[in-house]
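# Examination of the molecular architecture
Here's the letter readout for the chains.
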Amino acid sequence: MLINRPRGTNDILPGDVERWHLIEQTAREVCRRFNVAEVRTPIFEHTELFARGVGETTDIVEKEMYTFQDRGERSLTLRPEGTASVVRSFVESKLYAQPQPTKLYYMGPMFRYERPQSGRYRQFHQFGAEVLGVNDPSIDAEVIALAMTFFTELGLTDISLEINSVGSAQSRTAYRDILREHLSPVKEQLCKDCQSRYDRNPMRILDCKNETCKELTQGAPEMLDHLSEEDRTHFQAVCSYLESFGIPFTVNPRMVRGLDYYTQTAFEFIENGSTLSGGGRYNGLVEQLGGPEMPGIGFAVGIERVMIALANQNVELPIAKGIDIFFVALGEAAQKHSVKLLHEMRRAGLIADKDYLGKSMKAQMKAADRLKARQVVILGDDELAQGVANLKDMETGEQTTVALSELIEVVQSKR
Ligand code: AMP
């Protein structure tokens, strides 16, 4: 009986995995430039962390978590996102006591019980960055610039950036009441989800995809018109920093991110109608997770969505292909000796391989072609007895006889 992978998960096979490596390497390099250090947190956490950190009323916590009891009857959850864990770790390790800001990035699998479709999986991967401890609007712009640099370094061009301010906790409370009042005459006509959002989180009604809800909320008061003076100044500063960086953006006053912890700046990167990345400021989160009052801002990029965007935009990633050297060994003694030579080559830093099935010369040459070997060593028992081998340059077809004692050096020089 065949056992398949669980629904909504993917195997990343050779051929694809090299593209993943390149994307991950680009993320690491860009973070290095922005002086952002990696943090690795557990794949599972206490369920309470996400309930408190992501928010009880979010879709993630309400319906999407992979929650289980371990053998000690603790409730644990496979992480559905990265920010709560990074902030937990920041608090637990007392990184807040160090000079600020603390700039961290993470990369790895996340788990959400969603209905699988293209670009939506139950195990997916995110790269994200968080900057904690500084509230200056230049940091907001830098975090957005980091994500943008990652996209442009990969060769993605047609990506739009939308930003908004969802206000500080105080201005939002007042705005929520205004919004509820405005929507109260049409409350019963909203979709079921929005009816329950009405009491708990009415701002999310503004970003409902349901056509009726879209129509009913036309002309609704917008958060941007109800910001405090401080929020407004902050938002304007973020916008002008982005302008000074030459990063184009549009203000989307209806954008409300799906996570509860955002305050002030919220942003999304969109490609071909799909959200590649979302993020924002979360000034209450450190405190909410038991730390001191400290601001923070971050984003997360979905790597699978980046893959889709690369395909949409026909971006060919510069993947290194092929191997340096392939051994074609003929005869028993040559076969045996080639194993040792192969090992020496690898120790010398060459990418080297051979045939293990005792195939014919023709079949071995075919294998060398398939592996895109740049050079091939042809070694028979006679050559071995004379202490030489034939070296074939697969690009030019040129063949030379080389002393075995000089083989590695010659291969390296022709690499
Ligand atoms: P979020 O943490 O919900 O703000 O999502 C950030 C990014 O992660 C999104 O913009 C997507 O690119 C990606 N993402 C979120 N959920 C999924 C999923 N179920 N499958 C694939 N990618 C996802």
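Every value quoted in this text rests on a predicted model; they were computed, and no experiment measured them.

A separate point is the packing of aromatic side chains. Geometrically, a pair of aromatic rings is defined through the distance of the ring centres and the angle of the planes. The final tally for this structure, using the stated rule, is nine aromatic pairs. Ring centres of Phe267 and Phe269 lie 6.2 Å apart, and the angle between their planes is 80°; on these two criteria the pair is classed as edge-to-face. Residue classification places Phe267 among the buried positions, given a relative accessible area of 0%. Among the aromatic side chains, those forming a connected cluster through ring pairs are Tyr105, Phe127, Phe150, Phe151, Phe267, Phe269 and Phe299. Here the basic side chain of Arg122 rests over the ring of Tyr113, its NZ or CZ set 3.9 Å away from the ring centre.

Bringing the pairing of strand S12 (residues 323-330) into the picture now. Within S12, seven of the eight residues are buried, leaving the element largely enclosed by the surrounding structure. Handedness of the β-α-β unit built from S12, helix H12 (residues 332-347) and strand S13 (residues 352-354) comes out right-handed.

The subject of this paragraph is the site of the ligand. Taken together, 15 residues surround the ligand, and among them Arg112, Glu114, Tyr121, Gln126 and Arg257 come closest. Side-chain polar atom of Arg112 to an oxygen atom of the ligand: 2.8 Å apart, as the coordinates give it. Note that a nitrogen atom of the ligand is positioned 2.6 Å from one of the side-chain N or O atoms of Glu114. Its free accessible area being 490 Å², the ligand has 92% of it covered by the protein chains. For the shell around the ligand, the elements supplying multiple residues, two or more each, are strand S6 (123-132), strand S10 (274-281) and strand S11 (296-302). With three residues, the single largest contributor to the shell around the ligand is S10.

The next subject is the sheet that holds strand S4 (residues 75-78). Spatially, three strands are ordered S2-S4-S3 in an open sheet, and the strand pairing comes out antiparallel. In the strand order of this sheet, the two ends are held by strand S2 (44-46) and strand S3 (66-69), each with one partner. Averaged over all pairs of adjacent strands, the angle between their axes in this sheet comes to 35°, without regard to strand direction. Taken together, the three bridges between S2 and S4 define a ladder with antiparallel strand orientation. Following the sheet pairing, Phe44 is matched in S4 by Leu78.

A separate point is the packing of helix H5 (residues 137-154) against helix H9 (residues 229-245). One way to put it is that H5 packs onto H9 with a least axis distance of 8 Å and a crossing angle of 45°. Considering the angle they form, H5 stands oblique to H9. Considering only the axes of H5 and H9, their crossing is right-handed. Of H9, the residues touching H5 (which contributes Pro137, Ser138, Asp140, Ala141, Glu142, Ile144 and Ala145) are His234, Ala237, Val238, Tyr241, Leu242 and Phe245. For the contact of H5 with H9, the class distribution of residues is nine nonpolar, two polar and two charged.

For interface size, the figure often reported is the accessible area lost on association. Considered domain by domain, the chain is made up of domain 1 (16-168 + 228-312) and domain 2 (323-413). Centre-to-centre, using C-alpha coordinates, domain 1 lies 49 Å away from domain 2.

So, about the nonpolar core. In terms of nonpolar packing, the biggest core is built from 95 residues, with Phe127, Phe151 and Phe269 touching the most fellow members. When residues in this core are grouped by element, the largest group, eleven residues, is from H5. If sequence neighbours within four positions are ignored, Phe127 has contacts with Ala27, Cys31, Tyr105, Tyr106, Met107, Leu146, Phe150, Phe299, Ala300, Val301 and Ile303. Judged by nonpolar contacts, the second largest core, of 18 residues, contains Leu341, Leu379, Leu384 and Leu404.

What counts and how
Residues numbered from 1 in each chain as written. Predicted model: local features only at pLDDT ≥ 70, side-chain atom pairs only at ≥ 80, totals over all residues. Heavy atoms only, no water. Phe/Tyr/Trp six-rings, centres within 6.5 Å; stacked < 30°, edge-to-face > 60°. Buried < 20%, exposed > 50% of the residue type's maximum accessible area, 1.4 Å probe, protein only. Lys NZ or Arg CZ within 6 Å of the ring centre and 35° of its normal. Helix = DSSP H or I, 4+ residues; strand = E, 2+ residues; numbered from the N terminus. Right-handed = clockwise from strand over helix to strand, strands pointing away. Near = heavy atom within 4 Å. Polar contact = N/O pair within 3.5 Å; in protein donor to acceptor, adjacent residues only side chain to side chain. Areas by Shrake-Rupley, 256 points an atom, 1.4 Å probe, with all protein chains shown as cover. Pairing = 2+ DSSP bridges. Axes fitted to C-alpha atoms, helices over the stretch in contact; angles between N-to-C directions. Parallel < 35°, antiparallel > 145°, perpendicular 65-115°, else oblique. Left-handed = near helix turned anticlockwise from the far one by under 90°. Contact = heavy atoms within 4.5 Å. Nonpolar A, V, L, I, M, F, W, Y, C, P; charged D, E, K, R; others polar. Domains from an automatic or database assignment. Core = buried A, V, L, I, M, F, W, Y, C linked by side-chain atoms within 4.5 Å.

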